[in-house]
Amino acid sequence: QLARQFAERPDVRYGITTMCVGLGMGGTVIWENPHYGSDSENDAAEVASRLTDSAADSAADNAADSAAADQIPHTTAGSSL
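Residues numbered from 1 in each chain as written. Predicted model: local features only at pLDDT ≥ 70, side-chain atom pairs only at ≥ 80, totals over all residues. Heavy atoms only, no water.

Here the focus is the overall build of the protein. When helices and strands are counted, the protein shows two helices and two strands. Seen in sequence order, the protein has helices and strands lined up from the N terminus as α-β-β-α. Looking at the 81 residues of the protein, the share that counts as buried comes to 12%. Restricting to contacts in the protein with at least 6 residues of sequence separation, those with at least 24 account for 39%. Surface summary for the protein: the accessible area is close to 6600 Å², and the carbon and sulfur share equals 53%. (Helix = DSSP H or I, 4+ residues; strand = E, 2+ residues; numbered from the N terminus. Buried < 20%, exposed > 50% of the residue type's maximum accessible area, 1.4 Å probe, protein only. Contact = heavy atoms within 4.5 Å. Areas by Shrake-Rupley, 256 points an atom, 1.4 Å probe, with all protein chains shown as cover.)

It is worth spelling out the environment of Arg9 at this point. Looking at the secondary structure, you find Arg9 in the loop between helix 1 (2-8) and strand 1 (14-22). Classification of Arg9 by relative accessible area gives partly exposed; the value is 45%. Put simply, Arg9 and His35 are 26 residues apart on the chain and 8.0 Å apart in space, counted from C-alpha to C-alpha.

With that settled, the discussion passes to the pairing of strand 2 (residues 25-32). Inspection of the sheet shows strand 1 paired to strand 2 by eight bridges, in the antiparallel sense. Its bridge partner lying in strand 2, Thr18 is registered against Thr28. Linking strand 1 back to strand 2 in an antiparallel pair, the connection comprises two residues, with Leu23 at a positive phi of about 55 degrees. (Pairing = 2+ DSSP bridges.)

Should pLDDT be low for a region, the predicted coordinates there are not to be read in detail. Residues with a pLDDT of 70 or more make up 46% of the protein, whose mean pLDDT is 73. Element-level pLDDT for the protein is lowest in helix 2 (residues 41-70), with a mean of 62, against a maximum mean of 92 in strand 2. (pLDDT = per-residue confidence, 0-100.)

What follows deals with the pattern of salt bridges. Charged atoms that come close allow side chains of opposite charge to pair. Here the structure, examined in full by the defined rule, presents two salt bridges. Where Asp11 meets Arg9, a salt bridge forms, and the shortest distance between an N and an O atom there is 3.1 Å. Of the charged contacts in the structure, one is a salt bridge between Glu32 and Arg13, with a shortest N-O distance of 3.2 Å. One end of the pair, Glu32, is in strand 2; the other, Arg13, is in the loop between helix 1 and strand 1, and 19 residues separate them in sequence. (Salt bridge = Lys/Arg side-chain N within 4 Å of Asp/Glu carboxyl O.)

So, on to unusual backbone geometry. The backbone of Leu23 sits at a positive phi, close to 55 degrees, despite the residue not being glycine. Residue placement: Leu23 occurs in the loop between strand 1 and strand 2. Residue classification places Leu23 among the exposed residues on the basis of a relative accessible area of 87%.

All right, on to the environment of Ala7 then. With respect to the helices, strands and loops of the structure, Ala7 is situated in helix 1. C-alpha of Ala7 to C-alpha of Tyr36: the two residues are 29 residues apart in sequence and 8.9 Å apart in space.

Printed below as a string of structure tokens:
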């Protein structure tokens, strides 16, 4: 989402990502928008289009992986096939 928003909003210079790891630990990354200062809306539209295409490819790959995983027998402790 942050990459897409950067492409759509070249007037925004920084973004932040945070994560909770647990047990009082966490992480933060401050990102600088590579599109900052870009006046071209065509550049933003092109990047957004590439991100959408990439997301669609990832979804197709995940669906294929999930279908393959469904064919693998699963067991849990104490059970048998």
